[in-house]
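Here is how the chains run, residue by residue.
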Amino acid sequence: MFFVHLGPKGPSSSLKKFSPPLVINIYSRYKYAMPTLAINTANSHTSIALLDPKGQPLGLEWESSNDEAEKLMPAIADLAKKSGYKLANINEVIVVKGPGSFTGLRVGVTVANTIAYLNKAKLYSVNTFEYLWKGAEIDGLSDGKNDGKMALLLYAGARGVYVSLSPKENFEKDVVNVNVEDLSEYLNHQNSKKPNFPKTKKFGETAKEEYGIERVFGDITADQERYLPKSTLRVTLRVGFAEIMAEFLKEGLKENKIVMPVYIKNPGITASKKQF
């Protein structure tokens, strides 16, 4: 589930006593020639999945609490056992490489690289924006194009929010890191189909809310959610991690020799620095 409340101060502020992960058995239409391990420690909930040749992926998910170093490998071993495999049987690994918080993301990417190296397995990666936009596409929330009315929001530290307006955006070039205090006004300025909107409008000037983003989804904190425009609809993905990863594999991914984690950065957008 996405658009998860992380708590008032970010991923580490709402830590709860760890309970056994939720086990998800998805009877998928996808078939695999070899078992594939999928890992995501970039979001507020850690997710792993084993996509096996039987077409019945198993998934585990639990709330991230900065102790993935202790939980992740035992959970992967348990998942493999439930699927009738050993870790040595894994011949493909796909990992969400971020952006994400340092501790959990570092563990997840390191585990992915290590298993791929030891097993001589194929290694793939997707960034967090690609992952969430793919989920929206599968869920029917996005048609894979920018309709100018929907935005993906991602935690970028206590005072920052990544804003992605299209699944076609390049993360390094196009995704903007906005100060949370400016989030509402920033979203009100973003809509490719707003009529007669002045191109010279500067960030910080009053915008007409009815011309802004109508729907948002993603993974931010409850405190950050308070800065959204009042008229903006918050939507939640219903599709699971295993199904999203299966779709990536079906479409094909570029193989990596090694995956480098992408950590969250401080906000880079302020009212005095950006024009619209």
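Above this note sits the structure.
Residues numbered from 1 in each chain as written. Predicted model: local features only at pLDDT ≥ 70, side-chain atom pairs only at ≥ 80, totals over all residues. Heavy atoms only, no water.

Attention now goes to the overall build of the protein. Looking only at helices and strands, one finds seven helices and 11 strands in the protein. Here the protein, with 276 residues, has 53% of them falling under the buried criterion. The long-range share in the protein, meaning contacts at least 24 apart out of those at least 6 apart in sequence, stands at 69%. Accessible surface for the protein amounts to roughly 13,400 Å². Of this, 51% is attributable to carbon and sulfur atoms. (Helix = DSSP H or I, 4+ residues; strand = E, 2+ residues; numbered from the N terminus. Buried < 20%, exposed > 50% of the residue type's maximum accessible area, 1.4 Å probe, protein only. Contact = heavy atoms within 4.5 Å. Areas by Shrake-Rupley, 256 points an atom, 1.4 Å probe, with all protein chains shown as cover.)

Our focus in this paragraph is the pairing of strand β2 (residues 36–40). Burial of β2 is extensive: five of the five residues sit out of reach of the surface. The alternating pattern of β2 places Thr 36, Ala 38 and Asn 40 on one face and Leu 37 and Ile 39 on the opposite face, and all of these are buried. Adjacent in sequence and paired antiparallel, β2 and strand β3 (residues 45–51) are bridged by four residues. In the sheet, β2 pairs with strand β5 (residues 92–96) via five bridges, with the strands oriented parallel. Counted as the bridge partner of Asn 40 is Val 96 from β5. (Pairing = 2+ DSSP bridges.)

The next point concerns the pattern of salt bridges. Scanning the model with the defined rule gives eight salt bridges in all. Two residues, Lys 134 and Glu 137, come together in a salt bridge whose shortest N-O distance is 3.5 Å. Residue Lys 134 and its partner Glu 137 are located together in helix α3 (residues 128–138), separated by three residues, close to a single helical turn. Measuring nitrogen to oxygen at the nearest pair gives 3.6 Å for the salt bridge that ties Arg 226 to Asp 223. A relative accessible area of 28% means that Asp 223 is categorised as partly exposed. Residues participating in the shared-partner salt-bridge network are Lys 134, Glu 137 and Glu 251. (Salt bridge = Lys/Arg side-chain N within 4 Å of Asp/Glu carboxyl O.)

Within the secondary structure layout, Ser 44 lies in the loop between β2 and β3. Of note is the side chain of Ser 44, whose polar atom sits 3.5 Å from the side chain of His 45. (Polar contact = N/O pair within 3.5 Å; in protein donor to acceptor, adjacent residues only side chain to side chain.)

Structural measurements only, silent on function.
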